[in-house]
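# Structural overview
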Amino acid sequence: MPLRRYPRQTRQLLAYVFAGGLTAVAHYGVLVGLVELVHVNPVPATLAGFIVGAVVSYLLNRWMTFDATHSHAQATWRFALIAAGGFLLTWVLMHLFVARFGLPYLLMQLVTTGFVMVFSFLGHKFFSFADRAV
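So, here is what we can say about the structure in this document. Source: prediction; values computed, not measured. (Residues numbered from 1 in each chain as written. Predicted model: local features only at pLDDT ≥ 70, side-chain atom pairs only at ≥ 80, totals over all residues. Heavy atoms only, no water.)

## Digging into unusual backbone geometry
For the record, the criterion: Here a helix means four or more residues in a row that DSSP labels H or I, a strand means two or more in a row labelled E, and each is numbered from the N terminus. Each residue gets one of three labels from its accessible area relative to the maximum for its type: buried under 20%, exposed over 50%, partly exposed in between, using a 1.4 Å probe on protein chains only.
Positive phi outside glycine occurs at histidine 39, with the angle close to 65 degrees. With respect to the helices, strands and loops of the structure, histidine 39 is situated in the loop between helix 1 (8–37) and helix 2 (42–65). Under the relative-accessibility criterion, histidine 39 is labelled exposed at 66%.

Shown next as structure tokens:
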């Protein structure tokens with residue numbers, strides 16, 4: 001079933017969810033691999049996963065989700081700024097949940113991902129890729 005038959009915003013949301021799924025696989029793969037195989041603390045492990053996920057996210061969202069009106073040179077620094085906010089939000093939440101409160105790292109990463117996903121979508125839609133056609 002071709003996506004073109006759906007309204008533009010529905011297609012955009014579906015593409016964002018798909019790209020987000022692949023981004024999450026990259027992020028969580030690094031996180032779990034570092035924690036379970038290399039015995040890295042979950043907070044730095046999730047930040048390493050975030051960086052890998054950010055690269056995947058940029059490439060997929062620029063290609064599939066947003067009608068980018070900026071060049072790569074312009075979009076990259078904008079994306080990096082929003083990603084830095086997501087990185088900081090991930091660090092703060094995971095530090096609180098895991099390091100401070102001792103909650104399970106994987107469950108808390110799921111909660112953190114929800115917050116960061118909303119923050120990132122809005123930031124990328126209205127700033128990184130300047131998707132003006134609403």
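Here the narrative resumes, following the displayed structure.
## Quick word on the packing of helix 3 (residues 72–100) against helix 4 (residues 105–128)
As a reminder, the rule being used: Only the contacting stretch of a helix is used when fitting its axis, a line to C-alpha atoms as for every element, and angles between N-to-C directions run 0 to 180 degrees. Any angle that falls under 35 degrees is termed roughly parallel, while one over 145 is termed roughly antiparallel, one within 65 to 115 roughly perpendicular, and all others oblique. Crossings are classed by handedness, with left-handed meaning an anticlockwise turn of the near helix from the far one by less than a right angle and right-handed meaning a clockwise turn. The residue classification treats Ala, Val, Leu, Ile, Met, Phe, Trp, Tyr, Cys and Pro as nonpolar and Asp, Glu, Lys and Arg as charged. All others, Gly included, are polar.
It is the contact of helix 3 with helix 4, at a shortest axis distance of 9 Å, that shows an interaxial angle of 155 degrees. Considering the angle they form, helix 3 stands roughly antiparallel to helix 4. Crossing of helix 3 against helix 4: the hand is right-handed. Residues that form the contact of helix 3 with helix 4 fall into these classes: 18 nonpolar, 9 polar and 1 charged.

## A look at the packing of aromatic side chains
Basically, it comes down to this: Put simply, two rings from Phe, Tyr or Trp (the six-membered ring, in Trp's case) pair if the centres are within 6.5 Å, and we call them stacked under 30 degrees between planes, edge-to-face over 60, tilted for the rest.
Across all of its chains, the model carries 4 aromatic pairs by this definition. Aromatic side chains phenylalanine 50 and phenylalanine 87 sit 5.7 Å apart centroid to centroid with 75 degrees between the ring planes, which places their arrangement in the edge-to-face category. Of this pair, phenylalanine 50 sits in helix 2 while phenylalanine 87 sits in helix 3, and the two are 37 residues apart along the sequence.

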